[in-house]
Amino acid sequence: MLTMKDIVREGHPSLTTVADEVTIPLTETDKQLLGDMLQFLKNSQDEEIAEKYQLRAGVGLAAPQLGINKRLIAVHFEDGNGKKYSYGLANPKIVSHSVEKAYLPSGEGCLSVDRNVEGYVPRHARVSIKAISMDGEAIKLRLKGYAAIVFQHEIDHLNGIMFYDHINKQNPYFIPENAKPVE
Ligand SMILES: OCN(O)CCCc1ccccc1
Ligand code: NI
C-alpha cells in the first residue's frame, strides 16, 4: 500500500517536470498504479487507517507526486452538494474552460508541500475534461465548484505546476475581478 514515504516533497524534480502521456490501452502496471493511488486516497480519508499509517488526508493524487512522470491522476471526494467523485484517470486533458475564475476561500494545500502557503489560488470556474478511465473507457467530465478546483490542481501536477505558482506574489489575497469564491 502507498504511504506518505512514497510521496515526494518540494525540491523533487518530478514536481516541476511535464509528465509523459501513458500508452493506451493501459498496461497492467499503469492500471495497478491507478488502483494504488485511489486506495491511498480512500485510506487517507479513513480515520483508523490514516491514524495507523500516519496518512495525511488527500482528495487527489498525481503520479509525479510518487516520482513517476506519467500523466496519471486519482481523485476521491464528495463536493459541497454531496456529489461523489472517485476516479483513476489516464492522460486527462482540459478541453475547454470558462473565462470566469474561482478560488477556495481557505486556499489550497498539497501532500507534497509540508508547509502552509497562504493565499488564494485563482483557477477556471468551470472545466470540461477528457480522459481515459482505469476501466479503459474514454470519458468526458463537465466540472464546476470544488470538483473543478481539485481536478485542475491534479492536472497542474502533470505539467510541473504547484498550487502556489498561481498565488499573487504582491498580494496573496488578490482576487481577479472575474473570480468568485467556491462556497
Ligand atoms: O495533488 C493532490 N494533493 O496534493 C492533495 C491536495 C489536493 C487539493 C487540495 C486543495 C485543493 C485542491 C486539491
Ligand atoms: Ni498536490
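Read on for a plain summary of the structure. Throughout this description, residue numbers start from 1 for each chain and increase along the sequence as written. Written order determines the labels here, with chains lettered from A and ligands numbered from 1. Local features in this predicted model are restricted to residues of pLDDT 70 or higher, and side-chain atom pairs are both shown and tallied only at a pLDDT of 80 or more, whereas totals for entire chains, interfaces and linings draw on every residue. Side-chain figures throughout are based on the complete set of non-hydrogen atoms in the structure, without hydrogens or water.

Let us now look at the layout of surface pockets. Estimates place the volume of the largest pocket at around 340 Å³. We place a 1 Å grid over just the protein atoms. Points where a 1.4 Å probe fits but has no way out form a cavity, open points with protein on both sides within 12 Å along at least 5 of 7 lines form a pocket, and any residue with an atom within 4 Å of a point lines it. Lining the largest pocket are 19 residues, with V59, G109, C110, Y146 and H153 positioned closest to its centre. Strands here mean DSSP runs of E at least two residues long; helices mean DSSP runs of H or I at least four residues long; both are numbered from the N terminus. Residue contributions to the lining of the largest pocket peak at six residues, all from helix α3 (residues 145–158). Residues are sorted three ways: Asp, Glu, Lys and Arg are charged, Ala, Val, Leu, Ile, Met, Phe, Trp, Tyr, Cys and Pro are nonpolar, and all the rest, Gly among them, are polar. Looking at the lining of the largest pocket residue by residue, the class counts come to eight nonpolar, eight polar and three charged. Along its surface, the second largest pocket is lined by D79, G80, N81, K83, Y85, R142, L143, K144, G145, Y146, V182 and E183. Contributing elements (two or more residues each) for the lining of the second largest pocket: β7 (138–144) and α3. The leading source of residues in the lining of the second largest pocket is β7, at three residues. Class assignment of the residues belonging to the lining of the second largest pocket gives a composition of four nonpolar, three polar and five charged. Grid points are joined across faces, edges and corners, and a volume is the space filled by probe spheres set on the points.

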